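A closer look at the structure
Read off the chains here:
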Amino acid sequence: KPFLFCTLFARTLDVRRSCNQGCSCGDQVYNPVCAPHDIEFISPCHAGCQNVDFNTQGKVMVYSNCSCVPGRGEVRPGTCGTGCSHLLPPFMFFLTLTGFVATFCQTPSFMLVLRSVKPEDKSLAIGIQFMLFRVLAWLPGPMLYGSTIDSTCIKWVNKCERKAACRYYNLDLFRARYIGLQMLFQSASFLLFLMSYYFLRRDSLRQERRARGPPPLPKDRVELLDEAFKTKAHPKV
């Protein structure tokens, strides 16, 4: 989302410019207005507006004579929006499809744990598995994702000298970090599944070889052993 006369420094939003310095705008003011070409200001004060027009019901219709807005110098109350609301249905569709496909790994992972341990250790293995789920995923997951999302904020609202809520995010950074974190965990889990399958397959082949016994000897080798046995059984006088 573009901001007129606003610069991004060190993941923070600098809204103080020469066109609004005489307005004494507060840093914590949040009353967004939208200028032409979908350029958004965090308040009419930061847009340098001096006049306001109301309708018959006393509702603000437009702010005018805004020194930071080129052209007619008018802005309308409210945010400009993201301009990509039409992408919400396909996003929800693919998100639902991804969640549905992800459920298919639950049963195979459960069976993998049961087949990887001895029969007398199956109950213990299941208990350890769910304990690791809680310790490594369910407990730290919300904190990790929350910290990742907060790191993309460029405009905080402070209360009692502490960060209370985020007004604006760096959407490009938000998308890269959020999806990147998910891809990192998915890739790591896929590699662990491959390692488990490799070791499980190796042990299974080893047990099959033991069950079949030693491989049969070649025919010429068997004839040599028979001759050696006959020689030992009937030595020459």
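Scoring rules and cut-offs
- Residues numbered from 1 in each chain as written.
- Predicted model: local features only at pLDDT ≥ 70, side-chain atom pairs only at ≥ 80, totals over all residues.
- Heavy atoms only, no water.
- Pairing = 2+ DSSP bridges.
- Helix = DSSP H or I, 4+ residues; strand = E, 2+ residues; numbered from the N terminus.
- Buried < 20%, exposed > 50% of the residue type's maximum accessible area, 1.4 Å probe, protein only.
- Polar contact = N/O pair within 3.5 Å; in protein donor to acceptor, adjacent residues only side chain to side chain.
- Patch = residues over 30% accessible without salt bridge, like charges linked within 9 Å, V, L, I, M, F, W, Y side chains within 5 Å.
- Areas by Shrake-Rupley, 256 points an atom, 1.4 Å probe, with all protein chains shown as cover.
- Salt bridge = Lys/Arg side-chain N within 4 Å of Asp/Glu carboxyl O.
- Lys, Arg positive; Asp, Glu negative; His and termini not counted.
- Charge placed at Lys NZ, Arg CZ, Asp CG, Glu CD.
- Core = buried A, V, L, I, M, F, W, Y, C linked by side-chain atoms within 4.5 Å.
- Contact = heavy atoms within 4.5 Å.
- pLDDT = per-residue confidence, 0-100.
- Disulfide = S-S within 2.5 Å.

1. Describing the pairing of strand 9 (residues 162-169)
Where strand 8 (residues 153-159) lies against strand 9, 6 bridges are found, and the strand directions are antiparallel. Its bridge partner being in strand 9, Cys153 is matched across the sheet by Tyr169. Between strand 8 and strand 9, which pair antiparallel one after the other, the connecting turn spans 2 residues, and Cys160 there sits at a positive phi close to 55°.

2. Points about the side chain of Glu40
With respect to the element layout, Glu40 can be found in strand 4 (residues 39-41). What makes Glu40 buried here is its relative accessible area of 0%. From its side chain, Glu40 meets the backbone nitrogen of Cys80 in a polar contact 3.0 Å long.

3. What to know about a positive patch on the surface
Side chains of Arg202, Arg206, Arg209, Arg210 and Arg212 sit close together on the surface and give a patch of like positive charge. With respect to the helices and strands, Arg209 occurs in helix 5 (residues 171-212).

4. Here we look at the sheet that holds strand 4
Spatial strand order, 4-3-7: 3 strands in an open sheet with antiparallel pairing. At either end of the open sheet lies a strand with only one pairing partner, and these are strand 4 and strand 7 (76-77). As paired strands, strand 3 (residues 33-35) and strand 4 are joined by 3 bridges and run antiparallel to one another. Directly across from Ala35, in strand 4, lies its bridge partner Ile39.

5. A look at the nonpolar core
Among the nonpolar cores identified, the biggest contains 11 residues, and these are Val33, Ala35, Ile39, Phe41, Ala47, Cys49, Tyr63, Cys66, Cys68, Val69 and Val75. When sequence neighbours within four positions are dropped, the list of residues in contact with Val75 reads Val33, Cys34, Ala35, Cys49, Val62, Tyr63, Cys66 and Val69.

6. Describing the confidence of the model for the protein chain
In the predicted model, the protein chain carries a mean pLDDT of 79, and the fraction of residues at 70 or more is 82%. Least confident of the elements in the protein chain is strand 1 (residues 7-9), whose mean pLDDT is 39; most confident is helix 4 (residues 140-150), at 92. Predicted confidence is poor over residues 1-12, with pLDDT under 50, and the contacts of this stretch with residues over four places away or in other chains come to 37 contacts.

7. Focus on the state of the cysteines
If you walk through the whole model with that rule in mind, you get 4 disulfides. Each sulfur of the disulfide joining Cys25 and Cys45 lies 1.9 Å from the other. On the sign convention where negative means left-handed, the S-S torsion of about -95° between Cys25 and Cys45 marks this disulfide as left-handed. Placement of Cys25 in the loop between strand 2 (12-14) and strand 3 and of Cys45 in the loop between strand 4 and strand 5 (51-54) is noted, with a sequence separation of 20 residues between them. Take Cys45: its relative accessible area is 24%, and that puts it in the partly exposed class.

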